[in-house]
Amino acid sequence: MSWRRFIRRRWWDQERAREIDAYLEIETADNVARGMSLREAAAAARRKFGNPGLVREDIYRMNTIGWLESIWQDLRYGARLLRLSPGFAVVAIASLALGIGANTAIFQLLDAVRLRSLPVRNPQELAEVKIVGGNHGMGLNQQYGELTRPLWQLIRDKQQAFSGMFAWGVNQRYVGKGSQMRHFNQLLVSGDFFAVLGMRPWRGRLLIAEDEGACPTSAAVVSYSYWQSELGGRDIGSGGAGIKLEADNDLVEIVGVTPPEFFGMVVGQSFDIARPFCRPKDALRRDIYEVSVMGRVRRDWSLQRASAEMEALSPGIFEATVPPGRDPRTDEMYKHFRLGVYPASGGVSALRETYDRSLWLLLGITGLVLLIACANLANLMLARASAREREIAVRLALGASRGRLFRQLLAESGLVAGMGAALGIALAQILSRALVWSISPEGEAVNLRIATDWRMLLFAAVVTALTCVVFGVVPALRSTDSQPASAMKAGGRGMTAGRERFSLQRLMIVTQISVSVVLLVGALLFVRSFRNLMTLDPGMREGGITFAFLGFWQSDLARERWPEFQRQLLEEVQAIPGVLSAATTTQAPLRGGSWEHSVRTGSIEGNSKFTWISPDYFRTMGIPVVRGRGFSRDDTATSQRVAVVNQTFVRRFLGGADPLGHTLRTAPEPNYPSTVYEIVGVIPDTKYNDIRGETPPITFAPASQFPAQGPWTNMMIYSNAPPAAVTAAVKQRIGEKHPDVIAELGSLQQGIRDGLLQEQLMAMLAGFFGLLAAVLAMVGLYGVISYIVARRRNEIGIRLALGAARGQVIGMVMREAGKLLVVGVALGTALSLIAGRSVGSLLFGLRPYDAFTLLAADGLLASIAVLAAFLPARKAAKLDPMSALRWE
Amino acid sequence: MRRSRTGATEPEILQGTLDMLILQILALGPGHGHTIAHAIERRSEDVLQVEHGSLYPALHRLEDRGWIASFWGTSENNRKARYYRLTTGGRKQLSEETSRWERIVRAVNLVLRPVVE
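Residues numbered from 1 in each chain as written. Chains lettered and ligands numbered in written order. Predicted model: local features only at pLDDT ≥ 70, side-chain atom pairs only at ≥ 80, totals over all residues.

## Comments concerning the overall build of chain B
The number of helices and strands found in chain B is 4 helices and 3 strands. Written out in order from the N terminus, the α and β elements of chain B read α-β-α-α-β-β-α. The buried share of chain B, taken over its 117 residues, is 31%. Counted over contacts in chain B with a minimum sequence separation of 6, partners at least 24 positions apart contribute 50%. (Helix = DSSP H or I, 4+ residues; strand = E, 2+ residues; numbered from the N terminus. Buried ≥ 20, exposed ≤ 12 C-beta atoms within 10 Å, placed from the backbone. Contact = placed C-beta atoms within 7 Å.)

## As for the overall build of chain A
From N to C terminus, chain A includes 27 helices and 25 strands. Relative to its length of 888 residues, chain A is extended, with a C-alpha radius of gyration of 38 Å against a globular reference of 29 Å. The principal-axis extent of the C-alpha atoms belonging to chain A is close to 130 × 85 × 55 Å. Summarising the internal contacts of chain A: among those between residues at least 6 apart in sequence, 84% fall at separations of at least 24. (Rg over C-alpha atoms; globule rule 2.2 N^0.38 Å.)

## Description of the sheet that holds strand β1 (residues 31–32) of chain B
An order of β1-β3-β2 (chain B) is seen for the 3 strands of this open sheet, with the pairing classed as antiparallel. With one partner strand each, in any of the chains shown, β1 and β2 (68–74) of chain B form the two edges of the open sheet. (Pairing = 2+ DSSP bridges.)

## A few points about the confidence of the model for chain B
Residues and elements named next belong to chain B. Overall, the predicted model of chain B reaches an average pLDDT of 81, with 85% of residues at or above 70. Mean pLDDT in chain B bottoms out at helix α3 (residues 55–64), which sits at 87, and peaks at helix α4 (residues 88–112), which reaches 91. For residues 1–11, every residue scores under 50 in pLDDT, and the model assigns this stretch 9 contacts once sequence neighbours within four places are set aside. Interface predicted TM-score (ipTM) for the complex: 0.80; the corresponding pTM is 0.75. (pLDDT = per-residue confidence, 0-100.)

## Quick word on the pairing of strand β4 (residues 182–189) of chain A
All names here are of chain A. Judged by how many residues are buried, β4 sits mostly within the fold: 6 of 8 residues are covered. Pairing between strand β3 (residues 162–175) and β4: 8 bridges, direction antiparallel. If you follow Asn171 over to β4, its bridge partner there is Gln186. With antiparallel pairing between neighbouring strands as the criterion, β3 and β4 make up a hairpin whose turn holds 6 residues, including Gly176 at a positive phi of roughly 85°. Bridging between β4 and strand β10 (residues 273–276) involves 4 bridges; their strand directions are parallel. Each bridged residue has a counterpart across the sheet, and for Gln186 the counterpart in β10 is Ile273.

## Overview of the interface of chain A and chain B
Across the boundary between the two partners, chain A contributes 20 residues, which contact 18 residues of chain B. Counting only elements with at least two residues in the side of chain A that touches chain B, the list comes to α2 (9–33), α3 (38–49) and α4 (52–63) of chain A. Among the elements that line the side of chain A that touches chain B, the one with the most residues is α2 of chain A, at 9 residues. Along the lines of polarity and charge, the residues of the side of chain A that touches chain B split into 10 nonpolar, 2 polar and 8 charged. (Nonpolar A, V, L, I, M, F, W, Y, C, P; charged D, E, K, R; others polar.)

## A word on the domain arrangement of chain A
By the assigned domains, chain A splits into domain 1 (3–64), domain 2 (77–116 + 349–492), domain 3 (123–345), domain 4 (500–535 + 765–888) and domain 5 (545–719). The centre of domain 4 of chain A, based on its C-alpha atoms, is set 57 Å off from the matching centre of domain 5 of chain A. (Domains from an automatic or database assignment.)

## Thoughts on the confidence of the model for chain A
Predicted confidence across chain A gives a mean pLDDT of 87, with 96% of residues reaching 70 or more. Between residues 491–496 of chain A, whose pLDDT stays under 50, and residues either more than four places distant or in other chains, the model counts 9 contacts.

## Considerations on the environment of Ile796 of chain A
All names here are of chain A. In this fold, Ile796 is placed in helix α24 (residues 793–801). Given 22 C-beta atoms within 10 Å, Ile796 falls into the buried group. The sequence separation of Ile796 and Pro659 amounts to 137 residues, and the corresponding C-alpha distance is 81 Å. Residues contacting Ile796, with those up to four places away along its chain left out, are Val809, Ala876, Leu879 and Ala884.

## A short note on the environment of Ser223 of chain A
With respect to the helices and strands, the residue Ser223 of chain A is situated in the loop between β7 (219–222) and α9 (224–229). Aside from chain neighbours lying at most four places away, what touches Ser223 of chain A is Thr258, Phe262, Phe263, Ser270, Phe271 and Asp272 of chain A.

See the structure below:
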């Protein structure tokens, strides 16, 4: 087989034709020279030569690639057939495009979030060092922070398993002053970070080991996207001519830009500015878990061996870094931590942990939808095949091979599948971007690289091939299997189609119905779960609450004046027209984060969440004090330490006894000395940081007695005005009076909704696909019942002529559909129960085997199906017996 | 011109032998399809009668294998014709096929040799 020859086969044909003509001319001329007449000469030459057509064909066959040529023929034939029935073509291609598009889109997202490796050299060598089983919430935990910096230094100095190591951490910081400030995602890295990753700078240089130094360090590197969008792609000069920024209160110089494909170590959240670790004046804190430690495992070391080494190093490392000021039990637990080594080729991602399950599930759902679409198509193909039964029979009788006919029928399916796939891939590009957009919380775009690459194309191709096999092969096999003689007879009039003729279609319908039941059950589960969350009462006011974070670390206030300044800010906000009430809190509710201290009441010991609030907090948040009192201005820094607890606290720590007058004691922590609080009031249980979570024990204490006021405060503002107006008013007021105070505001309700994006996505998509499945199944059932009725036209006509009542005919057809429905629904319900296990953890407030949901799905599908069957049944009953019998 | 039908008086050219014959003719110098066909007939004293058309697929195959090369030229009586010439590869192929053929002929002759009691 030669492609060169194949591609030039037409040219060669022309060439040989000319050559043959040349032969004939010469031979004719010779013959004439021998004395023949011109006509005789030409005829003799042709005889001498043989059949020029055959010779050319011979050569053409040598040049061509047989199977390719015949596939091409089949495809053209298929295309002609499709053009003849545009309705079928449109329905088939559109439903496949939708199915393949949805699958591909979900796959793209899954690929970006889950399957893809980091865009660095040899990502498979990367591994992360973590505490086996986590640190049990000890100390301060930053996002993606697995270890403390003292731990990182010891690991780096003692380990043998890695050929290179680095540590990194991320946080959100600000550039600019006060009201001019803008967020950026900061990536803090150890000096070797870029060297170990093997990255080359896009512009300038990347950070090196020498950039690490005493705080504050000045060198910084920006991501390509930040360089483009925020710095306008300006030149990175050198030697003082570079770009300078005030980032996080420090003056930094941008020395380089990372390559466009590098987004940092967190999938879904691109970094903006990378800065090296700096050495603070005091010793490094041993209780801030802020870094992730990674490295390249030595080529000749396995992960197990590296892990074993880390485990062996663990006792010494933890012994040497015990954080100060903890109780002996905590110290003991800390010393028993063990390090392990885990693969990290894909980086880290909160998105991944959140959406992993959902995305796999969605892939399953879209797969099932595609299956239903395939079943529909298979039915359509079967119907078409029986319409072409005669044609096929004639061709078989004339000697076409079954294999050739099979290939031809399959080529038609392949054509449909291919066009569906092409459209589907185009559709997927839109869908996947819409999906990314829909999982992005307001004002915080998720940054995912949705790539149209060979992985995606391969996936789409595999899906398409499977599709084609599912809907194409069976009908093709079926129709090439026919016996020409009987097929030609059966195609005539007066015959009732045999029972087994429809068995395949029945099977398809049962499959469709049962899969639709599963998808509908899933849809209802996710929709109801989302509804449960949306209507859930968090035990506090949601509407009309604006959340504000105010930071004043850029002002040069002395530390002692921070509490007073916080009160002053609160009073200013309270004075804004339209603000009904406002209060400060150390922990804004329902916005993630957690703040907890170890407490003891009498003999019971445990953890309680702790929140310090200003006196108006309960009033602002609409939380009633059900026992005792809330806080007032009389609770001051010097008065008796008092606390308000929630009912869970009372149950957990006081056995449900009247809590008033009891005391609780906190365990000492750095900056938080052991304190005894007298319980003066009780509030009902409210949700803490997440609307989904169980209510933990919560202790509230007066803001005036907060021992560690920082240069920041959270404020909850209640107003009748819309949050946007409140936000603008607060920003304006604070900006005027205190230009160096950073203010960030948002609606509490919007924040809660953003926290439910995953549930919303699941409810939307599962709902959409569930309905789509039901519609597809209905179309399928309608089609098949109509088809069966059409095939039995003669029989029904005879029955009617012999006196059957129209009702009986309807009953007959409906019984037919009813059997399929019952089997399908029963099977679907059973499948739902099995499939339900995998979604349990994604549901809120209901179980996967929720009886109401199952019944509702079954009922919904049954009524749709009855409708779909009734239409053809009524048509059958309205048949005019005479015309039915005359009809061929 | 008669076509060979019986094979008794005008034997069919053995499969694969045609290639060798063409190569041999071209070894004497370039020629076009017409001259090659006639040369084979003439040199075999009209014993080997090929249907001239069957020459062309053979020429196509040989050219494709790189044993011969072709160019358009002008024939003796001033007509355009496609000429073929032997390539180096073709020359090597010819000598291989010739020696193979000679071995076969010798073997067949050995078998056919008169039986001596």
